[in-house]
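Chain by chain, the residues run as shown.
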Amino acid sequence: MTETLDQDSRVRLAVYGHFIDTGARPGVEDLSQRLGLSPEAVEDSLRRLGSQRVLVLEEGSTDIRMAMPFSGVPTGFRVETPLGGWWANCAWDALGIAAMLQVTARVETRCEDCGDALTVRVEQGRLARSEGVIHFAIPAARWWEDIVFT
C-alpha cells in the first residue's frame, strides 16, 4: 500500500510540475518519461487519483481534464503571469493559480450576464481592484455532482 501511495504522490507532483513548466496538461507518455514508470503504472495512478477526486479525467480515458486549479482544456478563464500562462477551471481556480505560484497575475474572462470582457489583476497576493462579484450558481457542497459543468 505504501508503494502505491508513494507512486500516486509522485504522479500527482509530476502532473503539477508539467502544468507549471509547460502551461499544458501532461499525457501518459510525458509522465512515464518524467518518472521512469511504465505507461501502465502511470495510467493506474491516474485512475486512482481520479477516483479519489484528486484529478478529473476525461470520461473513459486517462487524459487529465482538471488538476485543480489548472484546466487541461481551454476555458473562459485565462491566467497570465511572468512565469507563463494557464487555463483555469473557474474564477476561483484562476485566483488559485496566482496564489499557488505566488506571482502577479492577470485573469482574462468575461461577464456571464452581459458578455463584457473582464480583466482581474492579482498583485502581491491581493486583488488589485475589488469591485465586481464572483457568482457561484451551485453551492460548493454540490460541485462534484457535475464538476466539469460546475
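Cut-off values and rules
- Residues numbered from 1 in each chain as written.
- Predicted model: local features only at pLDDT ≥ 70, side-chain atom pairs only at ≥ 80, totals over all residues.
- Heavy atoms only, no water.
- Pairing = 2+ DSSP bridges.
- Helix = DSSP H or I, 4+ residues; strand = E, 2+ residues; numbered from the N terminus.
- Expected span 1.5 Å × (residues − 1).
- Buried < 20%, exposed > 50% of the residue type's maximum accessible area, 1.4 Å probe, protein only.
- Arc of directions from axis to C-beta.

How would you sum up the sheet that holds strand β6 (residues 105-110)? Please name residues and give values.
Whether parallel or antiparallel, the strands of a sheet pair through hydrogen bonds between backbone atoms. The strand order across the open sheet formed by five strands is β5-β4-β6-β7-β8, and the pairing between neighbours is antiparallel. The open sheet has two edge strands with one neighbour each: β5 (84-87) and β8 (126-127). Summarising the sheet, strand β7 (residues 117-123) and β8 pair through two bridges and their orientation is antiparallel. The residue of β8 that forms the bridge with Val122 is Leu127.

Quick rundown of the sheet that holds strand β2 (residues 64-67)? Include the residues and the values.
Within the open sheet, the three strands sit side by side as β1-β2-β3. Their pairing is antiparallel. Among the strands making up the open sheet, the edge pair consists of β1 (56-57) and β3 (70-71). Across two bridges, the pairing between β2 and β3 is antiparallel. Bridge pairing links Ala67 to Phe70 in β3.

Which residues make up unusual backbone geometry, and what values go with them?
In this chain, Met68 is followed by Pro69 through a cis amide linkage whose omega measures 15°. Along the chain, Pro69 falls in the loop between β2 and β3. Phi at Gln124 takes a positive value of approximately 50°, unusual for a residue other than glycine. Looking at the secondary structure, you find Gln124 in the loop between β7 and β8.

Now, about the pairing of β5: what can you tell me, with residues and values included?
Where strand β4 (residues 78-81) and β5 come together, four bridges link them in antiparallel fashion. Note on β5: the bridge partner recorded for Glu80 is Gly85. The turn linking β4 back onto β5 is made up of two residues.

Could you give me a rundown of helix α3 (residues 39-51), with the residues and numbers involved?
When the terminal C-alpha atoms of α3 are compared, their 18 Å separation across 13 residues agrees well with the 18 Å that a helix rising 1.5 Å per residue should span. Taken residue by residue, α3 has Ala41, Val42, Ser45, Leu46 and Leu49 as its buried positions. Here the buried residues of α3 occupy an arc of 135° about the axis, which is enough to place them on one side. For α3, the exposed residues lying more than 90 degrees away from the buried face are Glu40 and Ser51. Of the residues one or two after α3, Arg53 is the one with positive phi, at around 65°.

Can you explain the pairing of β6? Please cite residues and give values.
The alternating pattern of β6 places Ala105, Val107 and Thr109 on a buried face, while none of Arg106, Glu108 and Arg110, on the opposite face, is buried. Summarising the sheet, β4 and β6 pair through three bridges and their orientation is antiparallel. Residue pairing for β6: Glu80 is matched across the bridge by Arg106. Sheet topology note: the β6/β7 ladder contains six bridges and is antiparallel. Across the sheet, the residue bridging to Val107 is Val120, located in β7. Following β6, the chain reverses through six residues before pairing antiparallel with β7; Gly115 in that reversal takes a positive phi of roughly 85°.

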